[in-house]
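Architecture and fold: a report
One-letter residues, chain by chain:
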Amino acid sequence: MNRRIPGTLLHGALLLLVLAVAVFPFYWMVLTSIKTTAETFAYPPSFVPAEVTLEHYRVALAEKGVGPSLVNSLIVALATTFFAILLGAPAAYGIARYEFRMKRDLWFWFISNRMISPICVALPFFLIARSLKMLDTYTVLVLLYLTFTLPIVVWICADQFRSIPKELDEAARLDGLSRFQIFARIALPLALPGIAVSAIFSFIFSWNELLYALIMTRSETRTAPVAATTFMSGYELPWGEIMATGTLIVLPVILFALLVSRHLVRGLTMGAVK
Amino acid sequence: MARGRRERWAPLAFIAPAVITLLAVGLYPLILAVITSFRQYLVTKPRAPRDFVGFDNYATVLTDPTFWESLGRTFEFLLLVLPIELALGLGIALLLHKPGLGLLRTLTRVSLVIPLATTFAVVGLVGRLIFNREFGVINWFLSLLGLPPVEWLGQPATAFAAVAIMDIWQWTPFVALVLLAGLTMVPPEIEEAARLETKSPWKILRHIQLPYLLPGITAVLILRTADILKLFDLVFVMTRGGPGSATELISVYIQRIGFRVFDQGIASAQAILLLILTIILSRLYIRLVYREVEA
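Residues numbered from 1 in each chain as written. Chains lettered and ligands numbered in written order. Predicted model: local features only at pLDDT ≥ 70, side-chain atom pairs only at ≥ 80, totals over all residues. Heavy atoms only, no water.

1. Observations concerning the overall build of chain B
Note the cut-off: A run of H or I in DSSP counts as a helix once it spans at least four residues, and a run of E counts as a strand once it spans at least two, with each numbered from the N terminus. The globule rule used for comparison is 2.2 Å times the number of residues to the exponent 0.38, while the radius of gyration itself is calculated over C-alpha atoms. Each residue is placed in one exposure class: buried if its accessible area under a 1.4 Å probe, protein chains only, is under 20% of its type's maximum, exposed if it is over 50%, and partly exposed if it falls in between. In what follows, a contact means two residues having at least one pair of non-hydrogen atoms within 4.5 Å. In this tally Asp and Glu are treated as negative and Lys and Arg as positive; neither His nor the chain ends contributes. Where a charge sits is defined by one atom per residue type, namely NZ (Lys), CZ (Arg), CG (Asp) or CD (Glu).
Helix and strand content of chain B: 13 helices and zero strands. Each helix and strand of chain B, placed in order from N terminus to C terminus, yields the pattern α-α-α-α-α-α-α-α-α-α-α-α-α. Expected size for 295 residues packed as a compact globule is a radius of gyration near 19 Å; at 24 Å, chain B overshoots this value by more than 25%. With respect to the three principal axes, the spread of C-alpha positions in chain B is 80 × 75 × 35 Å. Within chain B, buried positions represent 53% of all 295 residues. Contacts in chain B between residues at least 24 apart in sequence constitute 67% of all its contacts with a sequence separation of at least 6. Averaging the locations of the 26 positively and 20 negatively charged side chains of chain B gives two centres separated by 7 Å.

Set out below in structure tokens:
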């Protein structure tokens, strides 16, 4: 019995260490965003703010154009999510419910989109967008973001549709419903949890994206991650404002991610774990 | 008969919109990239004729030492972070799987979501803050151990290490959660029976738990390899590939050629080679690891 107590102590200490390391950079970011600039440069560093200020948030939002960039990010992420669900949910249903030739190849192609380096798509897309005069528009970002959100929506929703018993479809058909009515009235409401999870994933991925936005946007549609990186030019870095911007970007994502944390592994391992 | 035909076309109506969209925004640009890769294409000279140059771009890329260096650097990075992430991830998964301390375990598991959800670009920003030479908190931790301050982002080797540390911070939780999912698949009665047989956690890991962990490990190998070949945001924000080219991984290098040197022909050839490499590697992994499972 006595031997177990040190074991539990060690177990607890290691868990606490993991917890501390996982949270620390996030804590440090939020802390720096509400510290005064003098305290940020203080040595030794302070782990609890002596004085709390929201000045950095005010400057970032009102003077550095972070406000509009957050709105841009929101518009792009919501529009991408809307179209990803609109196109992806029926496709997932089709894949889950029907057998057809080349189904395996189609499925593999959907999933293989997870592997492709965005730079491979960004180069040609830049040339296309430039010749169509679509640089710095929401449309071009939404289209690009569909390349990674659409597969994930199909991946998660197909799971959900498979879990709905086929007998329900057949009963509805006997009642005289058309195929589309069966999908819209029977299957879709039952698949709502899966659709919600995939919507959150596509929102998070679009919200976090940097490379495409960096290449495709200028001043008009600049998204928040791009705005955050533009702070990094110059010599004296305004750390308070940078971390305030970081906090504004990350906080909503973490809240959303906690909502889907049970599905996080499945969402992130798309295609690689059965 | 009519019904049979309708049956055959039904899936098409559901699937076609998504497939057409993905073909248009995913596959068509890739085809265009292949075409561009055979052309001379400088964005800075819009009037210049875009002649087809055959395999010239590919020849240039394949004989370009900088390309090979950035590719080699990418694999060095992979070989540095992947074993650490796997080892730490397995350790954390075992800690979270071990019974007892319910609340703390749940809290720790939930906290792993934070690194995963943090915007990659913001991870880079935080990295620049905590690895700062003068007021960075990492150097303060080092001073507690009696170590001198390090100019982390100013020297090639330490900048490489700093980027690696941020990547490890962000992705070890992913490995831990994947492996934890594997551990919970082990039937509890088998695990308990084994614990009666042996006291050695190593033996239980090797003989009971490992078979359930292998699919997850394969997934981690494939996805982390693909992700590091893609890795851009973190490096771009934290070091821009510097100092010099010490942290210029392959995706950052291609971005520089395409959008700062503006040679789209060369950059496209590089991107296509990267794509081919990614496909080969993921196929190879699947083959190797699944053979091991069957044997």
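Now that the structure has been shown, the text picks up again.
2. Observations concerning the overall build of chain A
Helix and strand counts for chain A come out as 14 helices and zero strands. Secondary structure elements in chain A, listed N-terminal to C-terminal, are α-α-α-α-α-α-α-α-α-α-α-α-α-α. Relative to a compact globule of 274 residues, whose C-alpha radius of gyration would be 19 Å, chain A shows 23 Å and is clearly more extended. Expressed as a percentage of its 274 residues, the buried residues of chain A come to 55%. Sequence-distant contacts, at least 24 apart, represent 71% of the contacts inside chain A between residues at least 6 apart. A gap of 10 Å separates the mean positions of the 22 positive and 16 negative side-chain charges of chain A.

3. Remarks on the packing of helix α4 (residues 66-97) of chain A against helix α7 (residues 138-162) of chain A
Residue and element names in this part refer to chain A. What counts is decided by this rule: Fitting a line to C-alpha atoms yields each axis, with helices limited to the stretch in contact; the angle taken between N-to-C directions then spans 0 to 180 degrees. Angular relationships are summarised with four words: roughly parallel below 35 degrees, roughly antiparallel beyond 145, roughly perpendicular across 65 to 115, and oblique for the angles in between. Each helix crossing is assigned a hand: it is left-handed if the near helix lies turned anticlockwise from the far helix by less than a right angle, otherwise right-handed if that turn is clockwise. Under the scheme applied, nonpolar residues are Ala, Val, Leu, Ile, Met, Phe, Trp, Tyr, Cys and Pro; charged residues are Asp, Glu, Lys and Arg; polar residues are all the others, including Gly.
The contact between α4 and α7 brings their axes to 6 Å, and the two run at 40 degrees. The angle between α4 and α7 falls in the class oblique. For the pair α4 and α7, the sense of crossing is right-handed. For the contact of α4 with α7, the class distribution of residues is 24 nonpolar, four polar and two charged.

4. Quick notes on helix α9 (residues 179-190) of chain A
All names here are of chain A. As a reminder, the rule being used: A helix is expected to reach a length of 1.5 Å times the quantity of its residues less one. When we speak of the arc, we mean the arc of directions from the helix axis to the C-beta atoms.
With twelve residues, α9 ought to run about 16 Å at 1.5 Å a step, and its terminal C-alpha atoms sit 16 Å apart, in line with that. For α9, the complete set of buried residues consists of Arg179, Ile182, Phe183 and Ala187. For α9, the buried positions fall inside an angular range of 95 degrees around the axis, keeping them on one side.

5. Description of the side chain of Asn208 of chain A
Rules: What qualifies as a polar contact is a pair of N or O atoms within 3.5 Å, subject to a donor-acceptor requirement within protein and to the restriction that residues adjacent in sequence count only when both atoms come from side chains.
As for its position among the elements, Asn208 of chain A is in helix α10 (residues 192-208). Note on Asn208 of chain A: relative accessible area 8%, which makes it buried. A distance of 2.7 Å separates the side chain of Asn208 of chain A from the side chain of Thr119 of chain B, its partner in a polar contact. For Asn208 of chain A, the residues in contact, after removing those within four places along its chain, are Pro225 and Val253 of chain A together with Ala117, Thr118, Thr119 and Asp233 of chain B.

6. As for unusual backbone geometry
All names here are of chain B. Along the chain, Gly242 connects to Pro243 via a cis peptide bond; the corresponding omega equals 0 degrees. Note on placement: Pro243 falls in the loop between α11 (233-238) and α12 (250-259). The phi dihedral of Leu101 is positive, around 55 degrees, even though this residue is not glycine. Tracing the sequence through the fold places Leu101 in the loop between α3 (65-97) and α4 (102-111).

7. A word on the pattern of salt bridges
Residues and elements named next belong to chain B. Heads up, the condition is: Salt bridge, as used here: a side-chain nitrogen of Lys or Arg that lies within 4 Å of a carboxyl oxygen of Asp or Glu.
Enumeration over the complete set of coordinates arrives at 13 salt bridges over all chains. Here Glu85 makes a salt bridge to Arg224, at a shortest N to O gap of 3.1 Å. Taken together, the residues span a long stretch of sequence, with Glu85 in helix α3 and Arg224 in helix α10 (residues 201-230) at a distance of 139 residues. Here the two residues Glu85 and Arg224 agree in accessibility, since each one is buried. Put simply, Glu85, Asp167, Arg224, Asp227 and Lys230 are held in one network by salt bridges that share partners.

8. Regarding the interface of chain A and chain B
To keep things clear, this is the line we draw: The term buried area refers to how much accessible surface (probe radius 1.4 Å) is lost by two components on association, counted for both of them together.
Of the residues lining the interface, 88 residues belong to chain A; the matching set on chain B comes to 89 residues. The junction of chain A with chain B conceals about 7,900 Å² of combined surface from both sides, 80% of it contributed by carbon and sulfur atoms. There are zero salt bridges connecting chain A and chain B. At the boundary of chain A with chain B, the tally comes to five residue pairs in polar contact (both at pLDDT 80 or more). A total of 17 residues in the side of chain A that touches chain B trace back to one element, the largest contributor, which is helix α1 (residues 4-34) of chain A. Across the side of chain A that touches chain B, the residue classes break down as 70 nonpolar, 14 polar and four charged.

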